[in-house]
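Here are the chains, one letter per residue:
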Amino acid sequence: DQQVKQNSPSLSVQEGRISILNCDYTNSMFDYFLWYKKYPAEGPTFLISISSIKDKNEDGRFTVFLNKSAKHLSLHIVPSQPGDSAVYFCAARGDSGAGSYQLTFGKGTKLSVIP
Amino acid sequence: KAGVTQTPRYLIKTRGQQVTLSCSPISGHRSVSWYQQTPGQGLQFLFEYFSETQRNKGNFPGRFSGRQFSNSRSEMNVSTLELGDSALYLCASSLDARQNTIYFGEGSWLTVV
């Protein structure tokens, strides 16, 4: 079963507008959430993260929102730029026991920013 | 500061062969984890090592194995390769076992023919 879901495989946005990427999770024990961006033929790069004790974290054009009651997080990119075109993965951290943690990733959303 | 380094970047193997992939983490990072990426499947967790000990393992068959050395470098091995093992294998390192942020290498592209 998929514990982290990104239900939109793709998203197209006009340059300058807002991009909103969504992610849902099922495990209420996840305590930390991250977003990664991936270009073709490269490894994912870390974008932004949020702890479960917060509901918002902002870094420049990127803002992540967490709604724990809905088990939903979203990444907002404002304004969107053509260079933001990539696949975006959300990830959730869970405690595997004995002080060990594991990240679970969604399947990704491909963002295309149209000039 | 050098990032996560993976070798080889590209390789082609034949069904039934085995393959070993190598990963050098960011200097000072002690946790190394491995992921498999296939089209439409996202990043699937293989295993995680910390201080030479495997702490977590994903849902992969026993043909997939790994190890970590005292200098935190890690290797993963896939034996008896199958066509479905063709994928991008990503290594990531983290400062410690808390996995607050993991940093990925560029990956090793494996094609099984």
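Heads up: the structure comes first, above all this text.
Everything quoted here is computed from the prediction, not taken from an experiment.

1. Observations concerning the overall build of chain A
Next, step 1: Check the secondary structure of chain A and you find zero helices and 11 strands.
Next, step 2: Secondary structure elements of chain A, listed N to C terminal, follow the sequence β-β-β-β-β-β-β-β-β-β-β.
Next, step 3: When the accessible surface of chain A is summed, it comes to about 5,500 Å², and 49% of that surface belongs to carbon and sulfur atoms.
Next, step 4: If the 12 positive side-chain charges of chain A are averaged to one point and the 10 negative ones to another, these points end up 3 Å apart.

2. So, the sheet that holds strand E1 (residues 5-7) of chain B
Each strand in a sheet pairs with its neighbour through backbone hydrogen bonds, running either in the same direction (parallel) or in the opposite one (antiparallel).
Residue and element names in this part refer to chain B.
Next, step 1: In space, the four strands of this open sheet follow the order E1-E3-E8-E7, with antiparallel pairing throughout. Each edge of the open sheet is held by one strand with a lone partner, namely E1 and strand E7 (64-68). On average, adjacent strands in this sheet sit at an angle of 15° to one another, irrespective of strand direction.

3. A few points about the environment of Ser74(A)
Residues and elements named next belong to chain A.
Next, step 1: On the secondary structure map, Ser74 appears in strand E8 (residues 72-77).
Next, step 2: With relative accessibility at 6%, the residue Ser74 sits in the buried group.
Next, step 3: Excluding residues that lie within four positions of it along the chain, Ser74 makes contacts with Ile20, Leu21, Asn22, Trp35, Thr63, Val64 and Phe65.
Next, step 4: Within the structure, the side chain of Ser74 is placed 3.4 Å from the side chain of His76, a separation counted as a polar contact.

4. Some remarks on a nonpolar patch on the surface
All names here are of chain A.
Next, step 1: Together, Ile18, Ile20 and Val78 line one region of the surface with nonpolar side chains, adding up to about 220 Å² of accessible area.
Next, step 2: Locating Val78 in the fold gives a position in the loop between E8 and strand E9 (86-97).
Next, step 3: Judged by its relative accessible area of 41%, Val78 falls in the partly exposed class.

5. Notes on the packing of aromatic side chains
Next, step 1: A complete count under the given rule lists 12 aromatic pairs over all chains for this structure.
Next, step 2: Measuring from ring centre to ring centre gives 4.7 Å for Tyr25(A) and Phe33(A), while their planes differ by 40°; the resulting arrangement is tilted. Each member of the pair, Tyr25(A) as well as Phe33(A), is classed as buried.
Next, step 3: Aromatic pair Tyr36(A) and Phe104(B): ring centres 5.4 Å apart, planes at 85°, arrangement edge-to-face. Of this pair, Tyr36(A) sits in strand E4 (residues 32-38) while Phe104(B) is found in strand E10 (residues 103-104), placing the two residues in two different chains. Exposure class is identical for Tyr36(A) and Phe104(B). Each is buried.
Next, step 4: Taken together, Tyr36(A), Phe46(A), Phe105(A), Tyr35(B), Phe45(B) and Phe104(B) form an aromatic cluster joined through their ring pairs.

6. With respect to the sheet that holds strand E6 (residues 56-59) of chain A
Residues and elements named next belong to chain A.
Next, step 1: The antiparallel open sheet is built from five strands, whose spatial order is E1-E3-E8-E7-E6. Both outer strands of the open sheet, strand E1 (4-5) and E6, are each paired with one neighbouring strand and no more.
Next, step 2: Two elements, strand E7 (residues 62-67) and E8, share six bridges in a ladder whose sense is antiparallel. Within E8, the residue paired with Phe62 across the bridge is Ile77.

7. A short note on the environment of Gln18(B)
All names here are of chain B.
Next, step 1: Among the structural elements, Gln18 can be located in the loop between strand E2 (10-13) and strand E3 (19-24).
Next, step 2: A relative accessible area of 45% places Gln18 in the partly exposed class.
Next, step 3: Residues Gln18 and Ser70, spaced 52 residues apart in sequence, show a C-alpha to C-alpha distance of 24 Å.
Next, step 4: Those residues in contact with Gln18 that sit more than four places away from it in its chain are Lys13, Asn77, Val78, Ser79 and Leu81.
Next, step 5: A distance of 3.3 Å separates a polar atom in the side chain of Gln18 from a polar atom in the side chain of Asn77.

8. Re the interface of chain B and chain A
Next, step 1: Chain B puts 23 residues into the contact, and the matching count from chain A is 21 residues.
Next, step 2: For the pair chain B and chain A, the summed buried area comes to about 1,800 Å², and 53% of that belongs to carbon and sulfur atoms.
Next, step 3: If you sort the residues of chain B by the area they bury against chain A, Leu43(B), Asn56(B) and Asn100(B) come out on top, with a joint share of 24%.
Next, step 4: Here chain B and chain A share zero salt bridges between them.
Next, step 5: Scanning the region where chain B abuts chain A turns up two residue pairs in polar contact (both at pLDDT 80 or more).
Next, step 6: Elements with a minimum of two residues in the side of chain B that touches chain A: strand E4 (31-38), strand E5 (42-50), strand E6 (53-57) and strand E9 (87-94) of chain B.
Next, step 7: Residue classes in the side of chain B that touches chain A are distributed as nine nonpolar, nine polar and five charged.

Cut-off values and rules
- Residues numbered from 1 in each chain as written.
- Chains lettered and ligands numbered in written order.
- Predicted model: local features only at pLDDT ≥ 70, side-chain atom pairs only at ≥ 80, totals over all residues.
- Heavy atoms only, no water.
- Helix = DSSP H or I, 4+ residues; strand = E, 2+ residues; numbered from the N terminus.
- Areas by Shrake-Rupley, 256 points an atom, 1.4 Å probe, with all protein chains shown as cover.
- Lys, Arg positive; Asp, Glu negative; His and termini not counted.
- Charge placed at Lys NZ, Arg CZ, Asp CG, Glu CD.
- Pairing = 2+ DSSP bridges.
- Axes fitted to C-alpha atoms, helices over the stretch in contact; angles between N-to-C directions.
- Buried < 20%, exposed > 50% of the residue type's maximum accessible area, 1.4 Å probe, protein only.
- Contact = heavy atoms within 4.5 Å.
- Polar contact = N/O pair within 3.5 Å; in protein donor to acceptor, adjacent residues only side chain to side chain.
- Patch = residues over 30% accessible without salt bridge, like charges linked within 9 Å, V, L, I, M, F, W, Y side chains within 5 Å.
- Salt bridge = Lys/Arg side-chain N within 4 Å of Asp/Glu carboxyl O.
- Phe/Tyr/Trp six-rings, centres within 6.5 Å; stacked < 30°, edge-to-face > 60°.
- Buried area = accessible area lost by both parts, 1.4 Å probe.
- Nonpolar A, V, L, I, M, F, W, Y, C, P; charged D, E, K, R; others polar.

Distances and angles like these do not, on their own, reveal function.
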